[in-house]
Amino acid sequence: MQNLVRANVLGLAQEVLEARGAAPQPTPRWLQWERQLWAVYRLRGRWQKLYERTRQLPPDFPREILREAHLQAVKALTSMSQGSAARRLIRQQLLDADAPPRHRWQLRQSLVTAYLNDDLLHEARIALERLHHDYGAWETDSLLLSAAVMLRSGDADAAVNLLAPLDQPAARLLRLYARLTNRTLAPGQVVERASALLETPQGRSVAREIRAVIAQAHLQAGAFYPLVDALEVYLLAPVARDLELSGVYPHFEVPDLFDAYARVARDQVNQAGLLVGEEHAWLERARQLPLATGVGRKALFAHLAATAARGSALRRGALDGYVNALIDTDRIALIARLFGPGAMLGELSLGGQAGLRLAAHALSKGDFDLAAEANANLLGFPVGLDRKAWLLQAGRIDIFAGRHRRGADKLEQWVQSFSRFDAAQTDAILQPIFDLQMVGRHRLALALLHKVNERAPPGKHQREIAYWLAESYAGSGQYHQAADLFLHSALQAPDSFDPWGRAARSRAAEALMDGGLFEDARRLFQDLLAGAASDASRNSLRQKLQRIRLLESGYEPPNDRE
């Protein structure tokens, strides 16, 4: 299990741990496994799962185990920003007069966090003062939390003093932010030190928070060009799993990015001597800027795309330019945040060239959903592009993205554009049809295979197509039709017991067996057994004959097909 966690295969680790089912007797081994499951939930940010799991423990379990589970439940609630529910649970547990001091101290510290996450700063400070009065423990976590409360309450100087003796990455970053807040470090110094922290292995654990501080420093300095880049990177960073301190730092959203775009765009048009109302000239200015001035180009396109009238030529041109700029700067992952119902830029509708470029770039990154979305929303089609080649590629992309019917429709359009296929065209269309079969969309595959069969060259290809037709009939539960086509495929060669023919005969026998025609299936398997060349093949065929005998007796054994 530790190897799975170290390899970051957390989904499998969770599945293995959950497979143990309900809690047995609370043995040390069970508790060790349960703690690992709680840790995996925390690493994956599965806070609801963590909360529900801790609530399932039987109430007669030892008190120390239940207390540990309660702390995990509180952690889950605060991380889901359910401070009120967390505080109720904390207060219930504080009524436990027999709880050890360490447990009570952890509960009291969690109470501060629950107040802090709900912006109840006055209550957080009172809870913190009482905690320190009663326990006086100044551990690292306690110092960090205390500094966070002071910083959120506007007392950055006190936060800096508290953090002075600490050197952990989280403490160094919080101290940097506090010094940016109280202006004892210049924004440029903060950016330099935060960037250096980001390059360390330890800094990666707080990478999103570091980027928030860098963006805030640029904003405080009025440095809008680097701010654009910082905000783009920040918006793409994974959300922190642990919200105890992340809520202390600045939080930015897409509108903040577009505010920065607007500031850069205004600077660009001022440099060019352009006026408000000359937005078409702004668009031309953006198009003329070289790629080296990436932020200026991108900001002009983005600002126009966000402000121009929906459906106007100005907006269409700006959208195409902005998407191209995102491709040029390798930021297409932002598109999922910017486009779509209710998003800043609305539906992703692009001109032919920009849409096709986006689809190609997304495909190179393995983002089939984005590639399919770009292909589905083309406004017009570029002159000179081979539409047939696009239909074939776009159809396969749709299938990979799970849009099976849409993909099959494109493939059918491609097929219908030919009266006959050559060998290369037949091979090209069969591959995406195999993709449909792989995901079990056999009815769609059958419709296409029949049309392909009408156009394919005779000989080898038609023998193969009969086999793949049979596979989809079998996958659709039409076993007799499948057996007929498997045998048709086998018998289309002078030697119908060649490797292809033997495979087709075996699949025909299996289809007959599935269809209840046991005698026919037995004869086919016996014919194959007589010519089997290896012990492995003979053993496999004998097992299938044995299965027929069991089926005839009315017993259904487990499926043992290879």
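Since this is a predicted model, take the numbers as computed values, not measurements.

Caption draft 1: Examining the nonpolar core more closely. Judged by nonpolar contacts, the single largest core of 107 residues is most densely connected at Tyr-322, Ile-335, Leu-338 and Leu-358. If sequence neighbours within four positions are ignored, Leu-338 has contacts with Val-254, Phe-258, Tyr-322, Leu-326, Ala-343, Met-344, Leu-345 and Gly-346.

Caption draft 2: Structural context of unusual backbone geometry. One non-glycine residue, Ser-81, lies in the positive phi region at around 60°. Locating Ser-81 in the fold gives a position in the loop between helix H5 (63-79) and helix H6 (83-94). The exposure class of Ser-81 is partly exposed, given its relative accessible area of 47%. If you check the backbone angles, Asp-330 has positive phi at about 55° while not being a glycine. With respect to the secondary-structure elements, Asp-330 resides in the loop between helix H19 (313-328) and helix H20 (335-338). The class for Asp-330 is partly exposed, based on a relative accessible area of 45%.

Caption draft 3: Representation of the packing of helix H10 (residues 156-163) against helix H11 (residues 169-181) within the structure. One way to put it is that H10 packs onto H11 with a least axis distance of 9 Å and a crossing angle of 150°. Between H10 and H11, the interaxial angle falls into the category roughly antiparallel. Every pair of crossing elements has a handedness; the one defined by H10 and H11 is left-handed. Mapping the contact onto sequence places Ala-156, Ala-159, Val-160 and Leu-163 in H10 and Ala-171, Leu-174, Arg-175, Ala-178, Arg-179 and Thr-181 in H11. Looking at the contact of H10 with H11, its residues break down into 7 nonpolar, 1 polar and 2 charged.

Caption draft 4: Looking closely at the environment of Thr-307. By the secondary structure assignment, Thr-307 is in helix H18 (residues 294-307). For the pair formed by Thr-307 and Arg-542, sequence separation is 235 residues and the distance between their alpha carbons is 73 Å.

Caption draft 5: Structural view of the packing of aromatic side chains. One pass over the structure, following the stated rule, counts 14 aromatic pairs. Between the aromatic rings of Phe-258 and Tyr-261, the centroid separation amounts to 5.1 Å while the plane-to-plane angle is 85°, which identifies the pairing as edge-to-face. Here Phe-258 and its partner Tyr-261 are both found in helix H16 (residues 254-272), 3 residues apart, which amounts to about one turn of the helix. Residue Tyr-261 is classed as buried on the basis of its relative accessible area of 0%. Against the face of Tyr-234 rests Arg-208, its NZ or CZ located 4.3 Å from the ring centre. Over the face of the ring belonging to Phe-418 we find Lys-388, whose NZ or CZ atom lies 4.4 Å from the ring centre.

Caption draft 6: Quick peek at the packing of helix H3 (residues 28-44) against helix H4 (residues 47-54). The geometry of H3 relative to H4 is characterised by a closest axis approach of 8 Å and an angle of 155° between their N-to-C directions. Overall, the two elements H3 and H4 adopt an arrangement that is roughly antiparallel. Considering only the axes of H3 and H4, their crossing is left-handed. Contacts from Glu-34, Leu-37, Trp-38, Tyr-41 and Arg-42 in H3 reach Trp-47, Lys-49, Leu-50, Arg-53 and Thr-54 in H4. Residue classes in the contact of H3 with H4 are distributed as 5 nonpolar, 1 polar and 4 charged.

Caption draft 7: Fine view of the pattern of salt bridges. Using the criterion set out here, one finds 30 salt bridges in the structure. The salt bridge partner of Asp-330 is Lys-365, with a shortest N-O separation of 3.2 Å. Of this pair, Asp-330 sits in the loop between H19 and H20 while Lys-365 sits in the loop between helix H21 (352-364) and helix H22 (368-376), and the two are 35 residues apart along the sequence. Overlapping salt bridges bring together Glu-519, Asp-520, Arg-522, Arg-523 and Glu-552 as one network.

Caption draft 8: Helix H7 (residues 101-117), seen in detail. The terminal C-alpha atoms of H7 lie 24 Å apart, and with 17 residues this matches the ideal 24 Å at 1.5 Å per residue to within 8%. With respect to burial, H7 is a largely interior element, 12 of its 17 residues being buried. Of the positions making up H7, those classed as buried are His-103, Trp-105, Leu-107, Arg-108, Gln-109, Ser-110, Leu-111, Val-112, Thr-113, Ala-114, Tyr-115 and Leu-116. Where H7 terminates, the next one or two residues include Asp-119, which has phi positive at roughly 60°.

Caption draft 9: Here's a closer look at the environment of Ser-472. In this fold, Ser-472 is placed in helix H27 (residues 460-475). Using a relative accessible area of 0% as the deciding quantity, one classes Ser-472 as buried. Each C-alpha atom, one on Ser-472 and one on Arg-441, is 8.4 Å from the other, the two residues being 31 residues apart in sequence. Those residues in contact with Ser-472, other than ones at most four positions away along the chain, are Gln-437, His-442, Ala-445, Leu-446 and Leu-449. A polar contact is formed between the side chain of Ser-472 and the side chain of Gln-437, at a distance of 2.8 Å.

Cut-offs applied
Residues numbered from 1 in each chain as written. Predicted model: local features only at pLDDT ≥ 70, side-chain atom pairs only at ≥ 80, totals over all residues. Heavy atoms only, no water. Core = buried A, V, L, I, M, F, W, Y, C linked by side-chain atoms within 4.5 Å. Buried < 20%, exposed > 50% of the residue type's maximum accessible area, 1.4 Å probe, protein only. Contact = heavy atoms within 4.5 Å. Helix = DSSP H or I, 4+ residues; strand = E, 2+ residues; numbered from the N terminus. Axes fitted to C-alpha atoms, helices over the stretch in contact; angles between N-to-C directions. Parallel < 35°, antiparallel > 145°, perpendicular 65-115°, else oblique. Left-handed = near helix turned anticlockwise from the far one by under 90°. Nonpolar A, V, L, I, M, F, W, Y, C, P; charged D, E, K, R; others polar. Phe/Tyr/Trp six-rings, centres within 6.5 Å; stacked < 30°, edge-to-face > 60°. Lys NZ or Arg CZ within 6 Å of the ring centre and 35° of its normal. Salt bridge = Lys/Arg side-chain N within 4 Å of Asp/Glu carboxyl O. Expected span 1.5 Å × (residues − 1). Polar contact = N/O pair within 3.5 Å; in protein donor to acceptor, adjacent residues only side chain to side chain.

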